[in-house]
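Structural overview for review
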Amino acid sequence: MPAIKSLEELKRVREETLEKKKVKAASGNVQVIVAMGTCGIAAGARDTMKSILNYIETQNVSGVTVTQTGCMGMCEQEPIVQVLVGDQTKVVYGKVDAQVAEQIMKQHVQNGTPVKDYILPL
Amino acid sequence: MREIALHLLDIAENSVAAGGQNICIEVQENLQSDLLTTSITDDGRGMDAETAQRVLDPFYTTRTTRKVGLGIPLLKLAAEMSEGRLSLDTEPGKGTKIEASFRHSHIDRMPLGDLASTFLALLVSYPKIHWTLIYETTDKGGEKGSFIFDDTELKAELDGMSITEPEILKFVRGMLEEGVQASALKIIS
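Residues numbered from 1 in each chain as written. Chains lettered and ligands numbered in written order. Predicted model: local features only at pLDDT ≥ 70, side-chain atom pairs only at ≥ 80, totals over all residues.

Residue and element names in this part refer to chain A. Spatially, four strands are ordered β2-β1-β3-β4 in an open sheet, and the strand pairing comes out mixed. Taken across any chain shown, the strands that pair with only one partner, and hence form the sheet edges, are β2 (64-69) and β4 (91-93). Strand-to-strand, the axes of this sheet are offset by a mean angle of 20°, without reference to chain direction. With five bridges connecting them, strand β1 (residues 30-35) and strand β3 (residues 81-85) associate as antiparallel partners. Among the inter-strand pairings, V30 is bridged to a residue of β3, identified as V85. Lying over the sheet, helix α3 (residues 45-59) contacts β1, β2 and β3, oriented at roughly 160° with respect to β1. (Pairing = 2+ DSSP bridges. Helix = DSSP H or I, 4+ residues; strand = E, 2+ residues; numbered from the N terminus. Axes fitted to C-alpha atoms, helices over the stretch in contact; angles between N-to-C directions. Contact = placed C-beta atoms within 7 Å.)

Our next topic: unusual backbone geometry. In this structure, the amide linkage connecting E78 of chain A to the following residue, P79 of chain A, adopts the cis form with an omega of -5°. Structurally, P79 of chain A is set in the loop between β2 and β3. The phi dihedral of N60 of chain A is positive, around 60°, even though this residue is not glycine. For N60 of chain A, the position within the fold is in the loop between α3 and β2. Taking the C-beta count within 10 Å as the criterion, N60 of chain A has 12 such neighbours and is therefore assigned exposed. Of note, the phi angle at E83 of chain B is positive, near 60°, even though the residue is not glycine. By secondary structure assignment, the location of E83 of chain B is in the loop between α4 (71-81) and β3 (86-91). (Buried ≥ 20, exposed ≤ 12 C-beta atoms within 10 Å, placed from the backbone.)

Written out as C-alpha cells, the structure is:
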C-alpha cells in the first residue's frame with residue numbers, strides 16, 4: 001500500500017477540491033465515454049483516454065465523468081468517443097486519436113461546440 | 001497490440017463484463033527465472049468447462065459470446081510466440097483467473113508497456129469495482145521490487161468524490177506512475 005503520508009496528502013487535496021467545487025458548481029455534468037473493446041484498444045483507445053485525462057488535469061476541468069464501453073460494432077472507426085453534455089443528445093466521434101481528443105475536450109466539453117469533422121453519421 | 005499492458009486492459013474488460021466486483025491484476029518480472037508472468041483474477045460469474053474451451057478459439061467465440069472476442073486468443077498467441085503460455089482457471093459462480101507467461105528475454109516478447117496508464121484507465125472507468133494492482137520484480141542479482149496498489153483506502157479517503165476531479169486525478173496518476181517506476185527493472189535491453 002502507498003504510505004500513510006501520501007494518503008494524508010490526498011485528504012488535503014480532497015478538501016481543496018471540495019472548496020473549489022463550491023465556488024464553481026454550475027456548468028452541468030459532462031460524460032465522456034471511450035470505447036475500449038479489443039478493437040478500440042488495438043486502435044489506440046488507451047492513448048485517447050490518456051489524452052482526455054491529461055486535458056482534465058492540465059486545464060483543471062472539473063465535473064467531467066470519464067468512463068469506457070465495449071465494442072460498438074464499428075471497429076473500423078475506432079477509437080470511438082461519445083460525449084454527453086447535460087441532457088443534450090449524445091455526440092459520437094470516430095477515429096479519435098490523442099490530438100483529436102484534446103480538440104474535443106477543448107471545443108466540445110469546455111466550450112459546448114461539437115467538433116464536426118469527426119462526428120460519425122449514425 | 002503492441003504492449004502486454006494493453007492486453008491486460010483488454011482482458012480486464014472481460015472481468016468487468018462478467019460482473020466481477022473484485023479484480024486483481026498481477027505482473028511479475030523475474031530475471032533470475034527469465035519469466036514475465038501476468039494474471040487477472042476476478043470474482044465474476046465464471047465459465048463452465050465448455051465455454052472456457054471456446055474462449056480460446058477466436059472463430060468460435062466471436063460468433064457466440066458477445067463478452068469475449070479476440071482478446072484472449074490474441075494474448076495466447078503473444079505468450080506462445082515468446083515461449084510462454086496462457087492458462088485459464090475458472091468455475092461457474094466463483095470467478096476466473098487468466099494467466100499469461102512470457103520468456104522475459106525472448107526476442108519476440110512484446111514490451112510490458114505502460115502499466116500505470118492501463119490501471120488508471122480502469123480505476124477511472126469503473127469506480128465501483130475494487131481494483132488491486134500487484135507489480136513485482138526480481139533482477140538478475142536477486143534484488144526485489146514491489147508495488148501493491150489496493151484502491152480501498154483511496155476510495156475511503158475520496159468518500160464519493162470522483163477520481164476525474166483534476167487535483168485528484170493528478171494525485172492518483174502520480175501515485176501509480178511513481179509506484180510502477182520505483183519497482184521497474186533498471187536494465188537497458
